[in-house]
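Read off the chains here:
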Amino acid sequence: MEIRGNSQSALRLKKIFFQDIHMENSGEKTKNVDDAQAGFRLEKPIIDEKSLKVGLRCKVEIEGVLYLQLLLIGEFEGENEEFLKRMVPNAIAIIFPYMRSQVTLMTAQPNLPPIVLPPININSLLKTDQIKF
């Protein structure tokens, strides 16, 4: 199959990394993944002429058993500042699978149930203020 025209995305991921990971595990055994509570917070995006930096914070907790907090940073390039402002939800949607994967890896430990965050619609969450700027 041949793709014609310019197939390069206007929003380009330059770098992605976990800036902060904090985990406390009491060693208490739990099998009930339904006890886990998860929340997200979007750090204020940093936008300049042709770059965008977004941060997504995730907190997962099983009371008395597990506390996990992560900060994932994504750095992107784009055409101009106005374009990049519109692309913040897309940037979050691009980095979210990396957050899901890391939470699962971190919770696949002895005495913990692996926690698999569900796929989510980032645009819907941003509209309902469940992800805060």
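Whatever comes next refers back to the structure up there.
Before going into details, it helps to say that this report is about the structure given with it.

Rules and cut-offs
Residues numbered from 1 in each chain as written. Predicted model: local features only at pLDDT ≥ 70, side-chain atom pairs only at ≥ 80, totals over all residues. Heavy atoms only, no water. Core = buried A, V, L, I, M, F, W, Y, C linked by side-chain atoms within 4.5 Å. Buried < 20%, exposed > 50% of the residue type's maximum accessible area, 1.4 Å probe, protein only. Helix = DSSP H or I, 4+ residues; strand = E, 2+ residues; numbered from the N terminus. Contact = heavy atoms within 4.5 Å. Polar contact = N/O pair within 3.5 Å; in protein donor to acceptor, adjacent residues only side chain to side chain. Salt bridge = Lys/Arg side-chain N within 4 Å of Asp/Glu carboxyl O. Phe/Tyr/Trp six-rings, centres within 6.5 Å; stacked < 30°, edge-to-face > 60°.

### A look at the nonpolar core
Alright, step 1. Within the largest apolar cluster, 31 residues are counted, with the highest numbers of intra-cluster contacts made by Val54, Cys58, Leu66 and Val103.
Alright, step 2. Within the residue set of this core, elements represented by two or more residues are β2 (37-42), β4 (51-62), β5 (66-77), α1 (81-86), α2 (88-107) and α3 (122-127).
Alright, step 3. Residues within four places of valine 103 in sequence aside, it is in contact with Cys58, Val60, Leu68, Leu70, Ile115 and Leu117.

### A few points about the environment of arginine 100
Alright, step 1. Within the secondary structure, arginine 100 sits in helix α2.
Alright, step 2. For arginine 100, a relative accessible area of 23% puts it in the partly exposed group.
Alright, step 3. Sequence separation between arginine 100 and cysteine 58 is 42 residues; the distance between their C-alpha atoms is 9.4 Å.
Alright, step 4. Setting aside residues no more than four positions away along its own chain, arginine 100 makes contact with Val116, Leu117, Pro118 and Pro119.
Alright, step 5. Within the structure, the side chain of arginine 100 is placed 2.5 Å from the backbone oxygen of leucine 117, a separation counted as a polar contact.

### Topic: the pattern of salt bridges
Alright, step 1. One pass over the structure, following the stated rule, counts four salt bridges.
Alright, step 2. Residues arginine 41 and glutamate 43 are paired through a salt bridge, measuring 2.8 Å at the closest nitrogen-oxygen approach.
Alright, step 3. Here glutamate 43 falls in the partly exposed class, since its relative accessible area comes to 22%.
Alright, step 4. Salt bridges sharing partners connect three or more residues here, namely Arg41, Glu43 and Arg57.

### Here's the deal with the packing of aromatic side chains
Alright, step 1. Inspection of every chain in the model, using the stated rule, returns one aromatic pair.
Alright, step 2. Here phenylalanine 40 and phenylalanine 96 contribute two aromatic rings whose centre-to-centre distance is 5.5 Å and whose plane-to-plane angle is 65°, an arrangement assigned as edge-to-face. Pair noted here: phenylalanine 40 is in strand β2 and phenylalanine 96 is in helix α2, with a separation of 56 residues, a long-range link. An identical accessibility class is assigned to phenylalanine 40 and phenylalanine 96; each is buried.

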